[in-house]
Amino acid sequence: MAEVILKNIAKIYKGDVVGCKDINLHIKDREFCVLVGPSGCGKSTTLRLIAGLEDITEGELRIGDRIVNDIPPKERDIAMVFQNYALYPHMKVWDNLAFGLKLRKYPADEIKKRVTEAARILEIEHLLERRPKALSGGQRQRVALGRAIVRKPKVFLFDEPLSNLDAKLRVQMRVEIKKLHAKLQITSIYVTHDQIEAMTMGDRIVVMKDGFIQQVDDPMKLYERPVSKFVAGFIGSPPINLIKVKISRDGEKFLISEAAGGFKLKYSRKGFDFLAAFSGKNLIMGVRPENIIDRIYAGVKEAENTVPVVVEAEEPMGSENYIHLKTVGGSEIVMKTEGSNRVKPGDRLELIFNAEKMHFFHPDTEKRINEN
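Residues numbered from 1 in each chain as written. Predicted model: local features only at pLDDT ≥ 70, side-chain atom pairs only at ≥ 80, totals over all residues. Heavy atoms only, no water.

Draft legend 1. Region of the structure containing the side chain of His359. Note on placement: His359 falls in strand β20 (residues 359–361). Looking at His359, the relative accessible area reads 5%, which means it is buried. Of the polar contacts made by the side chain of His359, one reaches the side chain of Arg368; its length is 3.2 Å. Residues contacting His359, with those up to four places away along its chain left out, are Tyr223, Glu224, Pro226, Ile240, Ile284, Met285, Gly286, Arg368 and Asn370. (Helix = DSSP H or I, 4+ residues; strand = E, 2+ residues; numbered from the N terminus. Buried < 20%, exposed > 50% of the residue type's maximum accessible area, 1.4 Å probe, protein only. Polar contact = N/O pair within 3.5 Å; in protein donor to acceptor, adjacent residues only side chain to side chain. Contact = heavy atoms within 4.5 Å.)

And the structure:
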């Protein structure tokens, strides 16, 4: 077992192209840490630096009690699971699992013990005599996991291991990987572009953009207190609604008006004191789809601060319905509601936003300005 510490890590390619920069991260012993972000954000580069597959330009990388900047991959005591499985097609499953141990000249009885144990844990004992071409995608991924397990490394590295699987199998395999981590308790670093994978698997999540870390937090804190517009928009499905608004004073209350002209929401100072510094200025307001209700469907006879909208489309999901709406000012909004709440294009609704769940972001820095 080992912790992994990245201190001021950077990877700069020829032409001053930034792979990642100013990466400061402390991954705890036995933690399952997920690096997430869009393509080109630096997450895979960071993982490859940890694995030793890329040379570090700046900074210090520590695995356990060793600085490993100049230590080759095979001596870092790590095991990596790749997106494309990287199995030897001419070898049976047993030999794929045993190959790395044979290279390290483990005794035959120790190899047999480790391969048998890994096959039992992953429930692939019945596949040991097959070759990779006779396996399904999920079975191949289990073999790839097994090859990592037999090594008994200090750290597991996962590079988008589920991206080649179909949607149903991805759900199944991410549960299996979490169960595997709970059983083995090995420090794990997992890279994905899928925020749902990140939210459901990570003890902590590292959100990256343009080679830099944006926020490191546990899943619910990321969701409830994103530090920026980018993090708020990247984490959550359907994505958060982002609306340009103008802040003004109306006596002892704050008036939040749709910048393009449309709804006007009036709230008392309690809980909104942080808006005082932005009176007369524009902000970006964020409201998550599940924090919006339809006044009439919810049975609210009269309510202040409603937002009139027109239905444009709906996405029935069974137990839930995603309703796509447009405000008078042209802002597009998605509301997540119960599956039984059905609508038609052109229907007019009145929405109520949960004021306690609103997020406000600076239009220039895009940083969250809420105090809580």
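After that view, the rundown keeps rolling.
Draft legend 2. Examining the pairing of strand β6 (residues 78–81) more closely. Taking every second residue as pointing to the same face, both faces of β6 are buried, with Ile78 and Met80 on one and Ala79 and Val81 on the other. Judged from the four bridges that link them, β6 and strand β7 (residues 155–159) form a sheet pairing that is parallel. Looking across to β7, one finds that Met80 is bridged to Leu157. (Pairing = 2+ DSSP bridges.)

Draft legend 3. Fine view of the side chain of Asn341. Along the chain, Asn341 falls in the loop between β18 (332–338) and β19 (348–353). Residue classification places Asn341 among the buried positions, given a relative accessible area of 4%. Once residues lying within four places of it in the same chain are set aside, the contact partners of Asn341 are Tyr297, Glu314, Asn321 and Ile323.

Draft legend 4. Spatial organisation of helix α1 (residues 43–51). Burial analysis of α1 places seven of its nine residues in the buried class, the great majority of the element. Gly52 lies just past α1 and shows a positive phi near 90°.

Draft legend 5. Main features of the packing of helix α2 (residues 93–103) against helix α4 (residues 137–149). With their axes 8 Å apart at the nearest point, α2 and α4 run at an angle of 30° to one another. Here α4 runs roughly parallel to α2, going by the angle between their axes. Note that α2 runs across α4; the crossing there is right-handed. Between α2 and α4, the residues in contact are Val93, Asn96 and Leu97 and Val143, Gly146 and Arg147, respectively. Class assignment for the residues of the contact of α2 with α4 results in three nonpolar, two polar and one charged. (Axes fitted to C-alpha atoms, helices over the stretch in contact; angles between N-to-C directions. Parallel < 35°, antiparallel > 145°, perpendicular 65-115°, else oblique. Left-handed = near helix turned anticlockwise from the far one by under 90°. Nonpolar A, V, L, I, M, F, W, Y, C, P; charged D, E, K, R; others polar.)

Draft legend 6. Structural detail: the nonpolar core. Ranked by internal contacts, the top residues of the largest apolar core, which has 48 residues, are Phe156, Ile177, Tyr190 and Val207. Residue contributions to this core peak at six residues, all from helix α3 (residues 108–122). Residues within four places of Val207 in sequence aside, it is in contact with Val36, Phe212, Ile213, Gln214, Gln215, Leu222, Phe230, Val231 and Ile235. Residues Ile247, Val307, Ile323 and Ile333 belong to the second largest nonpolar core, which totals 30 residues. (Core = buried A, V, L, I, M, F, W, Y, C linked by side-chain atoms within 4.5 Å.)

Draft legend 7. Broad picture of the packing of aromatic side chains. Summed over the entire model, instances satisfying the criterion amount to eleven aromatic pairs. Aromatic ring contacts, followed pair by pair, group Phe32, Phe156, Phe158 and Tyr190 into a single cluster. A cation over an aromatic ring shows up here: Arg288 above the ring of Tyr223, its NZ or CZ 3.9 Å from the ring centre. (Phe/Tyr/Trp six-rings, centres within 6.5 Å; stacked < 30°, edge-to-face > 60°. Lys NZ or Arg CZ within 6 Å of the ring centre and 35° of its normal.)

Draft legend 8. Highlighting the domain arrangement of the chain. Per the domain assignment, the segments of the chain are domain 1 (4–229) and domain 2 (241–361). With centres defined by C-alpha atoms, the gap from domain 1 to domain 2 works out at 40 Å. Taken residue by residue, the interface counts five residues in domain 1 and six residues in domain 2. Here domain 1 packs against domain 2, burying approximately 560 Å² in sum over the two surfaces, 61% of which is carbon and sulfur. Taken as a group, Tyr223, Pro226 and Lys229 account for 84% of the area that domain 1 buries against domain 2, more than any other trio of residues on that side. Viewed at the interface, domain 2 and domain 1 are joined by zero salt bridges. If you look at where domain 1 meets domain 2, you find two residue pairs in polar contact (both at pLDDT 80 or more). Residues belonging to the side of domain 1 that touches domain 2 are distributed by class as follows: two nonpolar, one polar and two charged. (Domains from an automatic or database assignment. Buried area = accessible area lost by both parts, 1.4 Å probe. Salt bridge = Lys/Arg side-chain N within 4 Å of Asp/Glu carboxyl O.)

Draft legend 9. Looking closely at the layout of surface pockets. Approximately 500 Å³ is the volume found for the largest pocket. At the level of secondary structure, the elements contributing two or more residues to the lining of the largest pocket comprise β6, α2 and α4. Counting residues per element, the lining of the largest pocket draws most heavily on β6, which supplies four residues. Tallied by class, the residues present in the lining of the largest pocket amount to 15 nonpolar, one polar and four charged. What the second largest pocket holds in volume is close to 380 Å³. Looking at the lining of the second largest pocket, the element that brings in the most residues is helix α7 (residues 219–224), giving three residues. Here the lining of the second largest pocket is built from residues that sort into six nonpolar, five polar and eight charged. Composition of the lining of the second largest pocket by domain shows at least three residues from each of domain 1 (4–229) and domain 2 (241–361). (1 Å grid on protein atoms, 1.4 Å probe; cavity = no way out; pocket = protein on both sides within 12 Å on 5 of 7 lines; lining within 4 Å. Points joined across faces, edges and corners; volume = space filled by probe spheres on them.)

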